[in-house]
Amino acid sequence: MKISPTIMGGLRIDAEGEADWHLLDMIIIDAASCDRGLAARLADAIDDREIATDWNEWVVPELEEGFEAELAFVKMVIETARHEASGGVGPLWVIPREAQRWYGALNQARMALEARYHFGPSDGIDFEKLPLEKRGAFMRSQFYCALQSAMLEHVMR
């Protein structure tokens, strides 16, 4: 997979085959991999019971709706690009007006992976000692982070 900035201020992601399309699909799968949604998990950080109750009642539904919309949008873009490339070599475009949705979906995926695997700071991880499943999750998290960094540098300025 190659990722490069475009002259229009976006990113072009060139999938080089089925494995790359699968990696892009994993954004959605990873984001939805926790038993509770991100908005509900965020409520766990609220110590005050009354505020947590209000959060769950008033904030969680709308926030979850927004999170789900981000994922649905990114899924649709990936599926469309994959279809146009017949699952083989082909581009996927991240344009500036859509970058926030991509960034949010990637963030959801990274946060879900962290909630499941508890990586912590990446500089303290011995990649070679990770079990295979956790190693794959760590590599995906690093890929999502790199894609977010490219968006911040080239698209979301």
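All of these numbers come straight from a predicted model, not from anything done at the bench.

Analysis parameters
Residues numbered from 1 in each chain as written. Predicted model: local features only at pLDDT ≥ 70, side-chain atom pairs only at ≥ 80, totals over all residues. Heavy atoms only, no water. Core = buried A, V, L, I, M, F, W, Y, C linked by side-chain atoms within 4.5 Å. Buried < 20%, exposed > 50% of the residue type's maximum accessible area, 1.4 Å probe, protein only. Helix = DSSP H or I, 4+ residues; strand = E, 2+ residues; numbered from the N terminus. Contact = heavy atoms within 4.5 Å. Patch = residues over 30% accessible without salt bridge, like charges linked within 9 Å, V, L, I, M, F, W, Y side chains within 5 Å. Areas by Shrake-Rupley, 256 points an atom, 1.4 Å probe, with all protein chains shown as cover. Salt bridge = Lys/Arg side-chain N within 4 Å of Asp/Glu carboxyl O. Lys, Arg positive; Asp, Glu negative; His and termini not counted. Charge placed at Lys NZ, Arg CZ, Asp CG, Glu CD. Pairing = 2+ DSSP bridges. Axes fitted to C-alpha atoms, helices over the stretch in contact; angles between N-to-C directions.

Asker: Before we go on, may I ask you to explain the nonpolar core in this structure?
Answerer: Nonpolar side chains tend toward joint burial in soluble globular proteins. Judged by nonpolar contacts, the single largest core of 36 residues is most densely connected at Ile 27, Leu 92 and Trp 102. Of all the secondary-structure elements, those providing two or more residues to this core are β2 (11–16), α1 (18–31), α3 (49–84), β3 (89–94), α4 (99–117) and α5 (132–154). When sequence neighbours within four positions are dropped, the list of residues in contact with Ile 27 reads Ile 78, Trp 102, Ala 105, Leu 106, Ala 109 and Tyr 144.

Asker: So what exactly am I meant to see when it comes to a negative patch on the surface here?
Answerer: Taken together, the side chains of Asp 47, Asp 48, Glu 50, Asp 54 and Glu 57 define an acidic patch exposed on the protein surface. Structurally, the position occupied by Glu 57 is in helix α3.

Asker: What exactly am I supposed to notice about the pattern of salt bridges here?
Answerer: Where charged atoms from two side chains of opposite charge come close, those side chains can pair. Within the structure shown, the criterion is met by nine salt bridges. In this structure, Lys 129 and Asp 126 form a salt bridge, with 3.8 Å as the shortest nitrogen-oxygen distance. One salt-bridge network, held together by shared partners, links Glu 18, Asp 25 and Arg 82.

Asker: Would you mind going over the sheet that holds β2 with me for this structure?
Answerer: Paired through their backbone hydrogen bonds, the strands of a sheet run either parallel or antiparallel. The strand order β1-β2-β3 describes an open sheet built from three strands, whose pairing is antiparallel. A strand with exactly one partner marks an edge of an open sheet, and here the two such strands are β1 (2–5) and β3. Ignoring strand direction, the axes of neighbouring strands in this sheet form an average angle of 20 degrees. Relative to β3, β2 is paired through six bridges, and the arrangement is antiparallel. For Ile 13, the partnering residue across the bridge sits in β3 and is Leu 92. Across the sheet, α5 touches β1, β2 and β3, and the angle it forms with β2 is around 150 degrees.

Coordinates in, geometry out; function isn't part of it.
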